[in-house]
Amino acid sequence: MSTAKLLLLAGDYVEDYEIMVPFQALQMVGHTVDAVCPDKKAGQVVRTAIHDFEGDQTYSEKRGHNFALNATFADVRVEDYDGLVIPGGRAPEYLRLNHKVLDIVRHFAEGNKPIAAICHAAQLLAAAGVIEGRKVSCYPACAPEVELAGGTYVEVAMTDAVVDGNLVTGPAWPAHPKWLGKFQAVLETYLAGKPEAVSSR
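Residues numbered from 1 in each chain as written. Predicted model: local features only at pLDDT ≥ 70, side-chain atom pairs only at ≥ 80, totals over all residues. Heavy atoms only, no water.

**Observations concerning the pairing of strand β6 (residues 83-86)**
Every second residue of β6 is oriented toward a common face, with Gly83 and Val85 on one face and Leu84 and Ile86 on the other, all of them buried. Across 3 bridges, the pairing between strand β1 (residues 5-9) and β6 is parallel. Bridge pairing in β6 places Leu8 opposite Val85. Bridge count between β6 and strand β7 (residues 115-118): 3 bridges; the pairing is parallel. Across the sheet, the residue bridging to Leu84 is Ile115, located in β7. (Buried < 20%, exposed > 50% of the residue type's maximum accessible area, 1.4 Å probe, protein only. Helix = DSSP H or I, 4+ residues; strand = E, 2+ residues; numbered from the N terminus. Pairing = 2+ DSSP bridges.)

The structure is reproduced here in C-alpha cells:
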C-alpha cells in the first residue's frame, strides 16, 4: 500500500476525538501526519474540547485533553503534502481568520489533493471559498455556511460520510469509521495516479 504525507490543521479547542482519532488511525495504516497550529511549534500543545450529544438542543462541551503538535506551522511547505485533514470543534471558527490557513486549504483544493473535513471544519472550507458546487456534509448547524458559500449541504446520518471528488466530509465524530475509510480510498486513488507512487516515507 502506498502511503501519504498528510497535514492536519489544529487549533485550541479543536474537538478531542476529531483530532486524536484521525491523527492516530492514519498513522496506524502507515501515513505520516504532521499536526500544526498557527503561531505554535512542534512540542507545544493545543487544548481540546469534548463535544457530546446528550439530548439537548445542541451538543454539550467539556474540556478535553492537551494534544501535542508534532510539526511547526511556520515550516509548512504545502507542496510536500499529499492530503489535508481538518478536524472540527471550536478551532475552525477562529482558524478561518488566518489568511495563511485559508491559503493552505486553497492549495489542496486547487491541486485536487485529498481533503478530509469533519463537523465544524466546513467553516474553514466555506471561508476559503473552495466548496462552490460541491456536496458537503458537516455538523447541521454549519449547513447555512455551506450553502452561503455555494455548496450543497448533504444531510446524512451522524455515522455516515460524503465523498465529492477529492473532498471527504462527515457530520461529527460518530462518522469516523466511514469518514476515514472513504478518505483512505480517496488517498489510494490519488497516490496511484501520482507520477511516482511512494511506497514508504
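Continuing now.
**A word on the confidence of the model for the protein**
Here the protein averages 95 in pLDDT, and 97% of its residues register 70 or above. Considering only residues more than four positions removed or in separate chains, one finds that residues 197-201, a stretch of pLDDT under 50, has 14 contacts. (pLDDT = per-residue confidence, 0-100. Contact = heavy atoms within 4.5 Å.)

**Describing the pattern of salt bridges**
Opposite charge on two side chains makes pairing possible when the charged atoms of those side chains draw close. With the rule as written, the count across this model stands at 10 salt bridges. With a closest N to O distance of 3.2 Å, Glu61 and Arg90 form a salt bridge. A residue pair is termed long-range when its members are at least 10 positions apart, and Glu61 in strand β5 (residues 60-68) and Arg90 in the loop between β6 and α2 (91-95) qualify at 29 residues. On the basis of relative accessibility, which here comes to 41%, the residue Arg90 falls in the partly exposed class. The salt bridge involving Lys194 is made with Asp82; its shortest N-O contact spans 2.7 Å. (Salt bridge = Lys/Arg side-chain N within 4 Å of Asp/Glu carboxyl O.)

**A look at the packing of aromatic side chains**
If you walk through the whole model with that rule in mind, you get 5 aromatic pairs. Look at Tyr17 and Trp173: their rings are 4.9 Å apart centre to centre, the planes differ by 85°, and that puts the pair in the edge-to-face class. Residue Tyr17 is located in helix α1 (residues 16-28), and its partner Trp173 is located in the loop between β11 (167-170) and α6 (176-193); the two are separated by 156 residues in the primary sequence. Its relative accessible area of 41% is what places Tyr17 among the partly exposed residues. Exposure remark for Trp173: the relative accessible area of 21% places this residue in the partly exposed category. Through pairs of rings, three or more aromatic residues link up here, namely Tyr17, Phe53, Tyr59, Tyr139 and Trp173. The cationic tip of Lys5 hangs over the ring face of Tyr81; the distance from NZ or CZ to the ring centre is 5.0 Å. (Phe/Tyr/Trp six-rings, centres within 6.5 Å; stacked < 30°, edge-to-face > 60°. Lys NZ or Arg CZ within 6 Å of the ring centre and 35° of its normal.)

**A short note on the sheet that holds strand β10 (residues 162-164)**
Read from one edge to the other, the open sheet built from 6 strands follows the order β3-β1-β6-β7-β11-β10, with strand pairing classed as mixed. Of all the strands in the sheet, the pair left with one neighbour each is β3 (32-36) and β10. Ignoring which end each strand starts from, the neighbouring axes of this sheet average 20° apart. Packed onto the sheet, α1 meets β1, β3, β6 and β7 and runs at close to 155° relative to β3. (Axes fitted to C-alpha atoms, helices over the stretch in contact; angles between N-to-C directions.)

**Some details on the pairing of β11**
In β11, alternate side chains face the same way, and those of Leu167 and Thr169 on one face and Val168 and Gly170 on the other are all buried. Note: β7 against β11, 4 bridges, orientation parallel. Across the sheet, Ile118 pairs through a bridge with Gly170, a residue of β11. Where β10 folds back on β11, the antiparallel hairpin that results is connected by 2 residues, among which Gly165 adopts a positive phi of roughly 65°.

**Section: the environment of Val85**
Inspection of the secondary structure assignment puts Val85 in strand β6. When near neighbours in sequence (up to four residues on either side) are disregarded, Val85 contacts Leu7, Leu8, Leu9, Pro22, Leu26, Ala116, Trp179 and Phe183.

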